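What follows is each chain in one-letter form.
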Amino acid sequence: MPPSFPLLFELGSKPPKPTLRDVANLVKRGGPGNLIALTEAERRADQATYQEVTCRSALNAVKGMPFKWTLNPYRGCTHACHYCFARRYHVQFEMDSDDQFASVILVKHNIVEVLTRELERPSWAREHVAFGTATDPYQPIEGHYKLSRESIRALTRGRTPFGLITKGPMVVRDIDVLRDHANSAPCTVYMSVPTVDHDAWSRLEPGTAHPLQRLRAVRQLVDAGINAGVIMAPIVPGFSSARHKLEATIKAIADHGARFVGCNIMHLQDGTRDHFMRFIGREFPAMKPRFERLYAKKYAPESYAKEVKAMVRVLQERYALTTREDATTERSATADPIAADPEQVGFRF
Ligand code: SF4
């Protein structure tokens, strides 16, 4: 029998909560219907299951990226974007990159305490932290736990610069702590708005707020003095890559006062690739051969990327938007986890 763990909101004396590794082992032992193992996790009204886990470290050291540290209070994401590059990470927990990525969310309940300890170490060099690289820090459960909010406060106390990427307009709740942070160290909010096209949004990002709601959040952040802009991340060939869609998106971004705009094009790897191809095969079977050709490798062909990057540049100039590099200096240019991948955008599919 696998050991059981306490209910998410259990009161009273609490046995230790499982670590991420414990959860992976438990789920693995649960067999084919592996969620059997999480018998005491809580299923909430959004139909997702939330399991509190104990993390041993908060800051995660990374190599080969333009930043050295990442921070993710949650794992899994109910925003459920079909292209999400983080889907493949859920496989590390013996869960799948399909429904379980979006419906079994691990909550690092002790992350603020651990983060505070790490930031207080004399050896901590106050290097840039990329916040939200494997999950959205402002997915709905943040309204309950406030782990992202409290993590920002810990980063402020530790005078540590960060860049945060989200699709969650809930970030405006934390304007007060973001402003406080800006007085002690740089911070940038990257709102991810791949497109304002209604169909592309509703098909590709079923759990997210409407793109215009996200852009209104950008307006609020900028008006409050926060360095905030938009990353069109990712542009998905065939869904959001047509020129008129790119123009509508960039115009809307400019209309909402974003300080910068950047973009990348979808890439597909491991579990993300498997999920996306299954999604396309199921919902848009006629498009599948084209996706298989375009994504014979992890990235779409460079020629495709170059062509569309040039057009985005034209549109940025037309609407007087700078790129994030121009607008926000070296520290925030490196803050966006998605920016670490080659920038690619597309017009034709
Ligand atoms: S909001 Fe971000 S982390 Fe969440 S599913 Fe979408 S792309 Fe992935």
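Our structure's up above, just so we're on the same page.
Only a predicted model underlies this, so the values are computations on that prediction, with no experimental measurement involved.

### Points about the packing of aromatic side chains
With the rule as written, the count across this model stands at ten aromatic pairs. With a centroid separation of 5.1 Å and an interplanar angle of 85 degrees, the aromatic rings of Phe239 and Phe284 are classed as edge-to-face. Of this pair, Phe239 sits in the loop between β10 (227-235) and α10 (243-255) while Phe284 sits in the loop between α11 (270-283) and α12 (288-294), and the two are 45 residues apart along the sequence. Comparing Phe239 with Phe284 shows no difference in burial state: the two are buried. Each ring, one from Phe276 and one from Phe279, has its centre 5.9 Å from the other, and the planes form 55 degrees; the classification is tilted. With a gap of three residues between them, Phe276 and Phe279 both fall in helix α11, about one helical turn apart. When sorted by exposure, Phe276 lands in the same class as Phe279, which is buried. Following the ring pairs from residue to residue traces out a cluster consisting of Phe239, Phe276, Phe279, Phe284, Phe291 and Tyr295.

### Examining the pairing of strand β11 (residues 261-265)
Of all five residues in β11, five are buried; the element is thus mostly enclosed. Residues Val261, Cys263 and Ile265 line one face of β11 and the alternating positions Gly262 and Asn264 line the opposite face, and both faces are buried. The sheet contact formed by β10 and β11 spans four bridges and is parallel. Its bridge partner lying in β11, Ile231 is registered against Gly262. As for the winding sense of the linkage, the β-α-β connection from β10 through α10 to β11 is right-handed.

### As for helix α4 (residues 111-120)
Of all ten residues that make up α4, seven are buried, and the element is covered over most of its length. Among the residues making up α4, those that are buried are Ile111, Val112, Val114, Leu115, Thr116, Glu118 and Leu119. In this structure, the buried residues of α4 make contact with β3 (59-61), β4 (69-71), β6 (104-108) and α6 (147-157).

### What about the nonpolar core?
Core analysis: the biggest nonpolar cluster contains 57 residues, and Leu71, Phe162 and Leu178 have the highest contact counts within it. Leaving out residues up to four positions away in the same chain, Leu71 has contacts with Ala58, Leu59, Ile111, Leu115, Val129, Ala130, Phe131, Gly132, Thr133, Ser151 and Leu155. Residues Cys84, Val236, Phe276 and Met277 belong to the second largest nonpolar core, which totals 26 residues.

### Let's talk about the sheet that holds strand β8 (residues 162-166)
Strand order across the open sheet formed by seven strands is β3-β4-β7-β8-β9-β10-β11, with mixed pairing between neighbours. What marks the edges here is a single partner per strand, and that holds for β3 and β11. Adjacent strand axes in the sheet meet at a mean angle of 25 degrees, parallel and antiparallel pairs treated alike. Each of β8 and β9 (187-192) touches helix α7 (residues 175-182); the most contacted strand, β9, lies at about 140 degrees to it.

### So, the side chain of Thr156
Tracing the sequence through the fold places Thr156 in helix α6. What makes Thr156 buried here is its relative accessible area of 17%. Of the polar contacts made by the side chain of Thr156, one reaches the side chain of His181; its length is 2.9 Å.

### Some details on the pattern of salt bridges
One side chain can pair with another of opposite charge once the charged atoms of both are near each other. In total, this model carries 16 salt bridges according to the counting rule given. With its nearest N and O atoms 3.7 Å apart, the salt bridge here joins Asp197 to Lys245. With Asp197 in the loop between β9 and α8 (198-204) and Lys245 in helix α10, this residue pair connects regions lying 48 residues apart in the sequence. For Lys245, a relative accessible area of 19% translates into the label buried. A cluster of three or more residues bridged by salt bridges with shared partners is formed by Glu142, Arg149, Arg173, Asp174 and Asp176.

### Things to note about the packing of α10 against helix α13 (residues 302-318)
Put simply, α10 and α13 touch, their axes get as near as 10 Å, and they point 35 degrees apart. Along this stretch, α10 crosses α13, giving a crossing that reads as right-handed. Only Met311, Val312, Leu315, Gln316 and Arg318 of α13 make contact with α10, whose side of the interface consists of Arg243, Leu246, Glu247 and Ile250. In the contact of α10 with α13, the residues fall into five nonpolar, one polar and three charged.

Here is what the cut-offs are and how they apply
Residues numbered from 1 in each chain as written. Predicted model: local features only at pLDDT ≥ 70, side-chain atom pairs only at ≥ 80, totals over all residues. Heavy atoms only, no water. Phe/Tyr/Trp six-rings, centres within 6.5 Å; stacked < 30°, edge-to-face > 60°. Helix = DSSP H or I, 4+ residues; strand = E, 2+ residues; numbered from the N terminus. Buried < 20%, exposed > 50% of the residue type's maximum accessible area, 1.4 Å probe, protein only. Pairing = 2+ DSSP bridges. Right-handed = clockwise from strand over helix to strand, strands pointing away. Contact = heavy atoms within 4.5 Å. Core = buried A, V, L, I, M, F, W, Y, C linked by side-chain atoms within 4.5 Å. Axes fitted to C-alpha atoms, helices over the stretch in contact; angles between N-to-C directions. Polar contact = N/O pair within 3.5 Å; in protein donor to acceptor, adjacent residues only side chain to side chain. Salt bridge = Lys/Arg side-chain N within 4 Å of Asp/Glu carboxyl O. Left-handed = near helix turned anticlockwise from the far one by under 90°. Nonpolar A, V, L, I, M, F, W, Y, C, P; charged D, E, K, R; others polar.

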